[in-house]
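Chain residues, written in single-letter form:
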Amino acid sequence: MLRFLGFLFAAGMILFLASSAVVAYVLWYISKDLPDYEVLAKYEPLVMTRLHANDGSLIAEFAKERRIYVPLNAIPEKLIQAFLAAEDKNYYQHGGLDVQGIVRAIVTNVNNIRNGRRMVGASTITQQVAKNFLLSSDQTFERKLKEAILAIRIERSFTKEQILELYLNEIYLGLSSYGVAAAALNYWGKSLNELTVSDCAYLAALPKAPNNYHPFKRTKRAISRRNWVIDRMVENGFVTPQDGEKSKAQTLNVDPRPFGAHIFAAEFFAEEVRRYLYDRYGEKKLYGGGLSVRTTLDPALQRKARKALVDGLVAYDRRHGWRGAVKTIETSGDWGVELAKIKIYDDIKPWRLAVVLSADKQSATIGLRPARLSSGKTSSERTQGEIGLDEVKWARPALKRGLGARPKAVSDTLKVGDVIHVAPKLDKENTVVADQWRLMQIPGVDGALVAMDPHTGRVLALVGGFSFSESEFNRAVQARRQPGSAFKPFVYAAALDNGYTPASVVLDAPLAIEQAPGQPLWRPQNYGKKFYGPSTLRTGIEKSRNLMTVRLAQDMGMPLISEYARRFGIYENLMPVLSMALGAGETTLMQLTGAYSMLANGGKQVQTTLIDRIQDRYGRTIWRHDSRQCTDCRTREWNGQEEPLLGDDRLQIVDPHTAYQITSMLEGVVQRGTARRVKAVGKPLAGKTGTTNDEKDAWFVGFAPDLTVGVFVGFDTPKPMGKGETGGSVASPVFRDFMTMALAENAAVPFRIPPGMKLIRINPKSGLRAQPGGQAAILEAFKPGTQPADIYSVIGEEGGQDDYYASGGGRELTSGTGGLY
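Residues numbered from 1 in each chain as written. Predicted model: local features only at pLDDT ≥ 70, side-chain atom pairs only at ≥ 80, totals over all residues. Heavy atoms only, no water.

Caption draft 1: Layout of the overall build of the chain. Each helix and strand in the chain was counted, giving 22 helices and 22 strands. Among the 821 residues that make up the chain, the fraction classed as buried is 51%. Look at the contacts in the chain between residues 6 or more apart in sequence, and 70% of them connect residues 24 or more apart. About 39,500 Å² of surface is accessible on the chain, with carbon and sulfur atoms providing 51% of the total. (Helix = DSSP H or I, 4+ residues; strand = E, 2+ residues; numbered from the N terminus. Buried < 20%, exposed > 50% of the residue type's maximum accessible area, 1.4 Å probe, protein only. Contact = heavy atoms within 4.5 Å. Areas by Shrake-Rupley, 256 points an atom, 1.4 Å probe, with all protein chains shown as cover.)

Caption draft 2: Molecular detail of empty space enclosed by the protein. All told, the structure shown has 1 cavity of 30 Å³ or more when counted by the stated rule. As a volume, the largest cavity reaches approximately 50 Å³. Along its surface, the largest cavity is lined by A265, E267, F268, R306, D347, V463, G465, F466, S467 and F468. Its residues assigned to classes, the lining of the largest cavity comprises 5 nonpolar, 2 polar and 3 charged. (1 Å grid on protein atoms, 1.4 Å probe; cavity = no way out; pocket = protein on both sides within 12 Å on 5 of 7 lines; lining within 4 Å. Points joined across faces, edges and corners; volume = space filled by probe spheres on them. Nonpolar A, V, L, I, M, F, W, Y, C, P; charged D, E, K, R; others polar.)

Caption draft 3: Seen up close, the sheet that holds strand β17 (residues 621-624). The 5 strands are arranged β2-β1-β5-β16-β17 in an open sheet whose pairing can be described as mixed. Looking at the sheet topology across the chains shown, the edges are occupied by β2 (58-62) and β17. Pairs of neighbouring strands in the sheet enclose a mean axial angle of 15°, with direction left out of account. As paired strands, strand β1 (residues 49-52) and strand β5 (residues 292-295) are joined by 3 bridges and run parallel to one another. When the bridges of β5 are listed, H52 appears paired with R294. This element, helix α11 (residues 267-288), spans β1, β2, β5, β16 (611-615) and β17 of the sheet and lies at about 35° to β2. (Pairing = 2+ DSSP bridges. Axes fitted to C-alpha atoms, helices over the stretch in contact; angles between N-to-C directions.)

Caption draft 4: Looking closely at the environment of E65. As for its placement among the helices and strands, E65 is situated in the loop between β2 and β3 (66-67). For the pair E65 and L46, spaced 19 residues apart in sequence, the C-alpha to C-alpha distance is 6.4 Å. Discounting chain neighbours no more than four positions away, the residues touching E65 are L46, M48 and Y178.

Caption draft 5: Highlighting the pattern of salt bridges. Evaluation of the coordinates by the stated rule reveals 38 salt bridges. Of the charged contacts, one joins E780 and R538 as a salt bridge, the two residues approaching to 2.6 Å between their closest N and O atoms. Of the two residues, E780 is situated in strand β22 (residues 778-782) and R538 in helix α16 (residues 537-542); the sequence distance between them amounts to 242 residues. Among the residues examined, E780 registers a relative accessible area of 1% and is labelled buried. Through salt bridges with shared partners, one network takes in E271, E272, R274 and R275. (Salt bridge = Lys/Arg side-chain N within 4 Å of Asp/Glu carboxyl O.)

Caption draft 6: A nonpolar patch on the surface, seen in detail. Residues I753, L759 and L779 make up a contiguous nonpolar surface patch of about 280 Å² in total accessible area. Within the secondary structure, L779 sits in strand β22. (Patch = residues over 30% accessible without salt bridge, like charges linked within 9 Å, V, L, I, M, F, W, Y side chains within 5 Å.)

Caption draft 7: Structural context of the side chain of E542. Structurally, E542 can be placed in helix α16. What makes E542 buried here is its relative accessible area of 5%. For E542, the side chain forms a polar contact with the side chain of R672, separated by 2.6 Å. Not counting the four nearest positions on each side in its chain, E542 is found in contact with M665, G668, V669, R672, G673 and T674. (Polar contact = N/O pair within 3.5 Å; in protein donor to acceptor, adjacent residues only side chain to side chain.)

Caption draft 8: Structural view of the sheet that holds strand β12 (residues 446-452). Read from one edge of the open sheet, 5 strands run β13-β12-β20-β19-β18, paired in antiparallel fashion. The sheet is open, and its two edges are formed by β13 (459-463) and β18 (686-691), each paired on a single side. Neighbour to neighbour, the strand axes of the sheet diverge by 5° on average, direction disregarded.

Caption draft 9: Region of the structure containing helix α6 (residues 160-170). Of all 11 residues in α6, 8 are buried, a share of seventy percent or more. All of the buried residues in α6 are K160, I163, L164, L166, Y167, L168, N169 and E170.

Caption draft 10: Here's a closer look at a positive patch on the surface. A grouping of K543, R676, R677 and K679 is seen on the molecular surface, where their side chains present a positively charged patch. Tracing the backbone through its elements, the reader meets K543 in the loop between α16 and α17 (546-556). Overall, K543 belongs to the partly exposed group, its relative accessible area being 38%. (Lys, Arg positive; Asp, Glu negative; His and termini not counted. Charge placed at Lys NZ, Arg CZ, Asp CG, Glu CD.)

Caption draft 11: Representation of the pairing of strand β8 (residues 363-368) in the model. Extensive coverage of β8 is indicated by the burial of 5 of its 6 residues. Here 5 bridges tie strand β7 (residues 352-359) to β8, and the two strands are oriented antiparallel to one another. From the neighbouring strand, A354 faces β8, where its bridge partner is L368. Between β7 and β8, which pair antiparallel one after the other, the connecting turn spans 3 residues. With 5 bridges connecting them, β8 and strand β9 (residues 384-388) associate as antiparallel partners. Across the sheet, residue T365 finds its bridge partner in β9, namely E386.

Caption draft 12: Spotlight on the packing of helix α2 (residues 77-87) against helix α8 (residues 197-204). Interaxial distance between α2 and α8 falls to 8 Å at its minimum, and their mutual angle equals 40°. Of the possible angle classes, the one that applies to α2 and α8 is oblique. Judged by the twist between their axes, the crossing of α2 over α8 is right-handed. Residues K78, L79, A82, F83, A86 and E87 of α2 lie in contact with α8, whose contacting residues are V197, C200, A201, L203 and A204. The residue inventory of the contact of α2 with α8, partitioned by class, reads 9 nonpolar, no polar and 2 charged. (Parallel < 35°, antiparallel > 145°, perpendicular 65-115°, else oblique. Left-handed = near helix turned anticlockwise from the far one by under 90°.)

Caption draft 13: Spatial organisation of unusual backbone geometry. Following K349, the chain continues into P350 via a peptide bond in cis, with omega recorded as 10°. Residue position: P350 is located in the loop between α13 (335-340) and β7. With a phi close to 65°, D435 is a non-glycine residue in the positive phi region. Relative to the assigned elements, D435 resides in strand β11 (residues 432-440). With a relative accessible area of 52%, D435 lands in the exposed category. The phi torsion at S544 lies on the positive side, around 55°, for a residue other than glycine. Relative to the elements of secondary structure, S544 occurs in the loop between α16 and α17. Taking the relative accessible area as the measure of exposure, S544 reaches 9% and is therefore buried.

Read these as layout, nothing more, since geometry by itself doesn't imply function.
The structure is reproduced here in structure tokens:
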């Protein structure tokens, strides 16, 4: 018997040792390829980059994983308790593996296998951290073993709080949300401390399979799972039974937060910042580096800029007639279903799509496109409105040549089934008139507006087109177009900076210039195809005289003008040919607006920017626009010392007296010249119109003492906009409307006159000093040491005067190839 027992003992020992060896080998084999769990200590999750306006409001977010990393002490206790109740109630008692949970799962799975049900798991939060951070999601025995080993090692190396913080910031919770902070924002637009017990329980219900508990697609299942979590919270003493029942009675109340631009009309601005960040830091840093970008955007000015531009584009478009309905649909059934299928740009509010249900002489009844609910479904509500005859009188049919007759009845323009764009009708106080709508159409022309601080180059507003949804092409920074006469101020600035005065006289007369061999003579013309004889530089720029500008450029030499164009950042290397003096070179609205800012600020060079400061995920500033250093600004205490002063490191690119002279002349453009429409603003303003051949491009760039604004209007594929559609009639009204809104609450501030500048009365025609009792005189600005000429002389008069008188000065020209104007 003893021998038999000894045999059993020996066999048992051998079996035990063999089993131990097998287990040891398996553990060794599994462990040898385990990832290094210590990387968790250096973990840097992908965190979204966020853009903020200059008032701190959120503009946009860029991320592959929408995550906001928060420390554990910033996560509410109720939210932590909800996750513990749902995922790992023994979290603070186990060492990485929940043995009781494993046994319970085994028993449950045996019954589930018998009944054909899905098996359950017993993974702890620590195991989930191991899987999510270090392993794949493969459902294999080997992966589960690795997960268990790593969980034990992680528990030995990290505190429970550290593990929980990693878990709650890494876990995917649906709706593109990674981590609890991003989920709270994306599901409800709430911060973590605003979450209710119901909200916390729903988030804790999501880790295993967010799509299975989608708030809209699987609402009943989602509520059931949330209620299960609430019951577990009550069971574990985290919530009272009464509070639990109240929470279970609540709906999910999910209201998904939009992922696009968060400030209305800021899409073009946000995209331009995104491109800059991508070029500077690369894709990984942009979409996962957690950058915090404080931009220069002024949200109030941005909204005004978009309104002014859209109104201007619509006004131009209406002058050129009605191009017809978007499409036609059947209205005999549920018209809302068909109308909802038609795409509408989501950034043109308050415009809406509508379908004509009936039309007669005086009005049309329309059905408005049903709203899209946050669930993604179309609302079942059907709303109707009315368009009166006054709102369609503009809609003359656009013909191949000209326009058709003005409609005498609404039914002349609108037919049943026509899908159209409409906007709310406003009364004289700009209040919406209930159920009344205006007929609209998407403009065929497009444009851009840029507003910036002339002293710093900070872009305060940027609208790159009518609709970002329609086209992401940013006409403010990507469109290179000819500025026409909007470039002339820099020709005149070069002249004033090199010995000329605003009273210098240049001949405005026919001019023929030789070109390359075999090419015809170039004969530039004024816009009206007339010429006016000797005129002062002031008159030349106020009236936008092409012939005077070409003669002035001839007298100075084009290389000098090319140098000034480079200084002002308009062109890098302007070809030194005379047509370039009339704005034949291509540039962008952003560059030209920046150049005008340098005139407005007294001739100081500024770098345009959309960004003030960039910080990394730890709050360290890694870039800022203002590179000046102020060591004294860091002083912790004030002990009667002088206030720290920041030096002005801007480069002086033109004489400040020159800058003021040009500003004064550009004020004349507004008061007496081609931009008289801008006078309606009622504040000191200066600026210049620009139009190119055949009215293909229309510009206006101007400024107040502390705000510079540039406007461009034109077709994306250049083509004539129509006779008379110049910078003065198309672009300057946009500038006027924007400035009226932007400066409405600002006092009228005159332009700053630099020290030493003299204002002398001159004869506006001869440029000579005005005689007492003589004809009307104007005050002209002269630099220190200069004054009106004593002797009358004319630049370009050699042979030109004879041509002027021989042609009958002032008469319309009948020949010539034309230039830019």
